[in-house]
Amino acid sequence: MGSSSSSYAPKTVYLDVDGKVQKVVFSRHCSPCDIKELLCSSSNVPRNTAIMMVDPEGFPKINKCTVMYYKEDMFQNVLSQVADQFSRAFRINELKTEVTNRLAMLEKRVELEGLKVVEIGKCKNDLKKLRDEMTSRGGSRVNCPCKYNFDDGKKVTPRRDVPKYPKYTLSQDTIESLKKPTFDVWHWEHNEMLSCLEYMYHDLGLVKEFSMNPITLKRWLLAIQENYRSNPFHNFRHCFCVSQMMYGMIHLCNLQEKMTQTDMGILMTAAVCHDLDHPGYNNTYQINARTELAVRYNDISPLENHHCAVAFQILSLPECNIFANVDPEAYKQIRQAIITLILATDMARHGEILDSFKQKVDNFDFTNEEHVTCLKMVLIKCCDISNEVRPTEVAEPWVDCLLEEYFMQSDREKSEGLPVAPFMDRDKVTKPTAQIGFIKFVLIPMFETVMKLFPQIEEIMVQPLRDSRDHYEELKQIDDAMTEVEPILSIWVLSYILNSRLGKKTKEEKRYDQ
């Protein structure tokens, strides 16, 4: 028992650790590996520590055999383990650097976006103040957007329902007057104008020629009407006015006998669509103000290009596509022809188009495609600016509407610091001065050129233009006379008032009193 128990007694070791004897007791269960771990562990043995085994009095137990352990040696034991971790550690650092850089970029972007939001808010407030100020100065004229944006326009929405605009039954008198330039466009409501347009397409045989679904024609006309804005001049009534004049010229000039049915469809459809979604501000404003339309179309006929785009956006809707049953190749030609005519309504191209027509008119050939295209361009131009062909009581209100739209634009141009055309400036233009030059140098020369090809229009269309020119020249003479008389009359009135108060009246003034 005794020998057996002593063999399992705890083991004691005495160590000299840097000159200090320390007693270390090991359990009977400890192995030599445990002792080695105690001595070699970097956490238990400080760096550069000298260790040797001694007896209880501190004398070396082994002949001068000193066991020295250095922490540097312990590092060698783990170097192999640390080395294979270095490559991974470097990649982590690279990833950390990349993440830090990206976070910095995101923070900078967030900061910039925040500044943009602040600036946009300031701009909106400034615009609101400007609109309020202009409204207080000029009444209710300034209602249109400052600069045209696509989002400001009406959306083209599908219409799969059967159109239900009130049907107007045309009388025989109305049918006959529709074919004449004397037609009074002011007496008709929108549903009545829609019915008249629908009748024109049926009467000209276009519904049959293009195999149009009558319901689709109704939907298309409704979509057209909905996409004209409520401008003083460029509105749906103007669209109807131009289309009715085109219908009248087709009959007056017997165009159906000289041109194809496809040409008739192109002429009528271009007339109906020629000013779609007009914002009420002309191309000059669009370009000078650098609006979205001007930027989109590179300052080249921005409005006319937009009218074309809206027209074919409507036609792209299956429920509004009046050319759905036309052969694809034929449709491409119709589309190109309609675009050509609408682009021809840009007055910046007036001289170019008229000169081209003058070169062809003396030897005009209806079998020559180039000649016919040029004629169609001139015809839509004539219809677009044909108000003065109509009777004075029909034409003159259109002048007031046009001047109102001009004044809206010039007021906005002044407020935005943009150039103002003299013929649009409310402080410089009068009705006679606005019309005389336009009739003399634009309308009469163009209609007289068309008259060479169609002599029958002289009495019905050209002579009214000459009469209108004479009418406005008489009005201008009256205005000029009044301008000369006004200072003299003002002096006389002032003299009369002063003498009345002083009781000193001349014989003429006393006679005036009697």
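Values in this document were obtained by computation on a predicted structure and should not be read as measured data.

Participant: So what's going on with the overall build of the chain? Residues and values would help.
Facilitator: Looking only at helices and strands, the chain features 20 helices and 4 strands. For the chain, the residues scored as buried account for 41% of the 514 residues in total. Across the chain, the fraction of contacts at a sequence separation of at least 24, relative to all contacts at a separation of at least 6, is 70%. Looking at the chain as shown, the accessible area adds up to about 29600 Å², and 54% of this sits on carbon and sulfur atoms.

Participant: How would you explain the environment of Gln477 if you had to name every residue and give the values?
Facilitator: Locating Gln477 in the fold gives a position in helix 19 (residues 457–502). The exposure class assigned to Gln477 is exposed, which follows from its relative accessible area of 57%. C-alpha separation for the pair Gln477 and Pro432, spaced 45 residues apart in sequence, amounts to 9.3 Å.

Participant: Which residues make up the confidence of the model for the chain, and what values go with them?
Facilitator: On average, residues of the chain score 81 in pLDDT, and 65% of them are at 70 or above. Taken as a whole, residues 1–7 scores under 50 in pLDDT and shows 0 contacts with residues more than four places along the chain or in a different chain. The low-confidence segment residues 62–72 (pLDDT under 50) makes 16 contacts with residues lying over four places distant or belonging to another chain.

Participant: Could you give an account of the UniProt feature "binding site: AMP" (unreviewed entry) in the chain, naming the residues involved and the relevant values?
Facilitator: Per the UniProt record, "binding site: AMP" (unreviewed entry) is annotated on His234, Asn235, Phe236, Arg237, His238, Asp275, Asp384 and Gln435. Annotated residues from the preceding list that form part of the lining of the largest pocket: these are His234, His238, Asp275, Asp384 and Gln435. Every residue in contact with Arg237, bar those within four places of it in the chain, is listed here: Val185, Trp186, Trp188, Met193 and Trp398. Mapped onto the fold, Gln435 is located in helix 18 (residues 431–453). Setting aside anything within four residues of it in sequence, one finds Gln435 in contact with Glu388, Val399 and Tyr472. There is a polar contact of 2.8 Å between the side chain of Gln435 and the side chain of Glu388.

Participant: Hey, could you go over the layout of surface pockets for me, with residue numbers and the actual values?
Facilitator: Any space left empty among the atoms is revealed by the rolling of a water-sized probe across them. Approximately 1000 Å³ is the volume attributed to the largest pocket. Along its surface, the largest pocket is lined by 45 residues, and His234, Met347, Leu402, Tyr406 and Phe423 are the ones closest to its centre. Of all elements in the fold, only helix 11 (283–288), helix 13 (302–315), helix 17 (392–415) and helix 18 reach the threshold of two or more residues within the lining of the largest pocket. For the lining of the largest pocket, the element with the highest residue contribution is helix 17, accounting for 8 residues. Class assignment of the residues belonging to the lining of the largest pocket gives a composition of 21 nonpolar, 16 polar and 8 charged. Within this model, the second largest pocket holds a volume of roughly 380 Å³. Elements supplying a minimum of two residues to the lining of the second largest pocket: helix 10 (261–273), helix 14 (328–343) and helix 16 (369–384). When residues of the lining of the second largest pocket are assigned to their parent elements, the largest contribution, 5 residues, is made by helix 14. Of the residues contributing to the lining of the second largest pocket, the split by class is 6 nonpolar, 8 polar and 4 charged.

Participant: Help me get a handle on the UniProt feature "binding site: Zn(2+) 2" (unreviewed entry) in the chain, residues and values and all.
Facilitator: If you check UniProt for "binding site: Zn(2+) 2" (unreviewed entry), the listed places come out as Asp275 in our numbering. Considering the arrangement of structural elements, one finds Asp275 in the loop between helix 10 and helix 11. On the basis of relative accessibility, which here comes to 5%, the residue Asp275 falls in the buried class. When sequence neighbours within four positions are dropped, the list of residues in contact with Asp275 reads Tyr228, His234, His238, His307 and Asp384.

Participant: Which residues make up unusual backbone geometry, and what values go with them?
Facilitator: For Ser211, which is not glycine, the phi dihedral falls at a positive 50 degrees. For Asp299, which is not glycine, the phi torsion reads 65 degrees and is therefore positive. Its place among the elements puts Asp299 in the loop between helix 12 (292–296) and helix 13.

Participant: I'd like a rundown of helix 13, residues and numbers included.
Facilitator: Compared with the 20 Å implied by 1.5 Å per residue over 14 residues, the 20 Å span of helix 13 between its first and last C-alpha is a close match. Counted residue by residue, helix 13 has 11 buried out of 14 residues, so it is predominantly covered. If you check which residues of helix 13 are buried, you get Pro302, Leu303, Glu304, His306, His307, Cys308, Val310, Ala311, Phe312, Ile314 and Leu315. Contacts from the buried residues of helix 13 go to helix 7 (214–226), helix 10, helix 11, helix 12 and helix 14.

Participant: Could you give me a rundown of the pattern of salt bridges, with the residues and numbers involved?
Facilitator: Under the defined criterion, the tally for this structure stands at 17 salt bridges. Among the ionic pairs, Glu416 bridges to Arg412, the shortest N-O distance being 3.9 Å. Connected via shared salt-bridge partners are Glu396, Asp400 and Lys431.

Participant: Lay out the packing of aromatic side chains with the relevant residues and their values.
Facilitator: All chains considered together, the criterion is met by 13 aromatic pairs. Between the aromatic rings of Tyr281 and Tyr285, the centroid separation amounts to 5.0 Å while the plane-to-plane angle is 35 degrees, which identifies the pairing as tilted. The two residues Tyr281 and Tyr285 agree in class, both being buried. Of the aromatic side chains, those joined through ring pairs into one cluster are Phe357, Phe364, Phe366 and Phe454.

Participant: Any details on the packing of helix 5 (residues 190–203) against helix 7? Residues and values, ideally.
Facilitator: Closest axis-to-axis distance for the helix 5/helix 7 pair is 10 Å, and the angle between their directions is 135 degrees. With respect to helix 7, the element helix 5 is oriented oblique. At the point where helix 5 passes helix 7, the crossing takes the right-handed sense. Every residue of helix 7 that contacts helix 5 at His190, Leu194, Leu197, Glu198, Tyr201 and His202 is listed here: Leu217, Lys218, Trp220, Leu221, Leu222 and Gln225. Split by residue class, the contact of helix 5 with helix 7 holds 7 nonpolar, 3 polar and 2 charged.

Participant: Tell me about the environment of Leu343, and name the residues and values.
Facilitator: Relative to the helices and strands, Leu343 is located in helix 14. The residues contacting Leu343, other than those within four sequence positions of it, are Glu304, Asn305, Cys308 and Arg349.

Participant: Describe the nonpolar core, naming the residues involved and giving the relevant values.
Facilitator: Among the nonpolar cores identified, the biggest contains 107 residues, and Tyr201, Trp220, Phe447 and Ile457 are the most heavily contacted of them. Not counting the four nearest positions on each side in its chain, Phe447 is found in contact with Cys382, Ser386, Val389, Ile457, Met461, Val462 and Leu465. The next biggest cluster of nonpolar side chains, apart from the first, holds 5 residues, and it includes Tyr281, Tyr285, Met408 and Leu418.

Participant: An account of a nonpolar patch on the surface is needed here, citing residue identities and associated values.
Facilitator: A cluster of nonpolar side chains, contributed by Val99, Leu103 and Leu106, occupies part of the molecular surface with about 260 Å² of accessible area. Relative to the assigned elements, Val99 resides in helix 3 (residues 71–138).

About the cut-offs
- Residues numbered from 1 in each chain as written.
- Predicted model: local features only at pLDDT ≥ 70, side-chain atom pairs only at ≥ 80, totals over all residues.
- Heavy atoms only, no water.
- Helix = DSSP H or I, 4+ residues; strand = E, 2+ residues; numbered from the N terminus.
- Buried < 20%, exposed > 50% of the residue type's maximum accessible area, 1.4 Å probe, protein only.
- Contact = heavy atoms within 4.5 Å.
- Areas by Shrake-Rupley, 256 points an atom, 1.4 Å probe, with all protein chains shown as cover.
- pLDDT = per-residue confidence, 0-100.
- UniProt positions renumbered as here; feature names shortened; annotations may be inferred.
- 1 Å grid on protein atoms, 1.4 Å probe; cavity = no way out; pocket = protein on both sides within 12 Å on 5 of 7 lines; lining within 4 Å.
- Polar contact = N/O pair within 3.5 Å; in protein donor to acceptor, adjacent residues only side chain to side chain.
- Points joined across faces, edges and corners; volume = space filled by probe spheres on them.
- Nonpolar A, V, L, I, M, F, W, Y, C, P; charged D, E, K, R; others polar.
- Expected span 1.5 Å × (residues − 1).
- Salt bridge = Lys/Arg side-chain N within 4 Å of Asp/Glu carboxyl O.
- Phe/Tyr/Trp six-rings, centres within 6.5 Å; stacked < 30°, edge-to-face > 60°.
- Axes fitted to C-alpha atoms, helices over the stretch in contact; angles between N-to-C directions.
- Parallel < 35°, antiparallel > 145°, perpendicular 65-115°, else oblique.
- Left-handed = near helix turned anticlockwise from the far one by under 90°.
- Core = buried A, V, L, I, M, F, W, Y, C linked by side-chain atoms within 4.5 Å.
- Patch = residues over 30% accessible without salt bridge, like charges linked within 9 Å, V, L, I, M, F, W, Y side chains within 5 Å.

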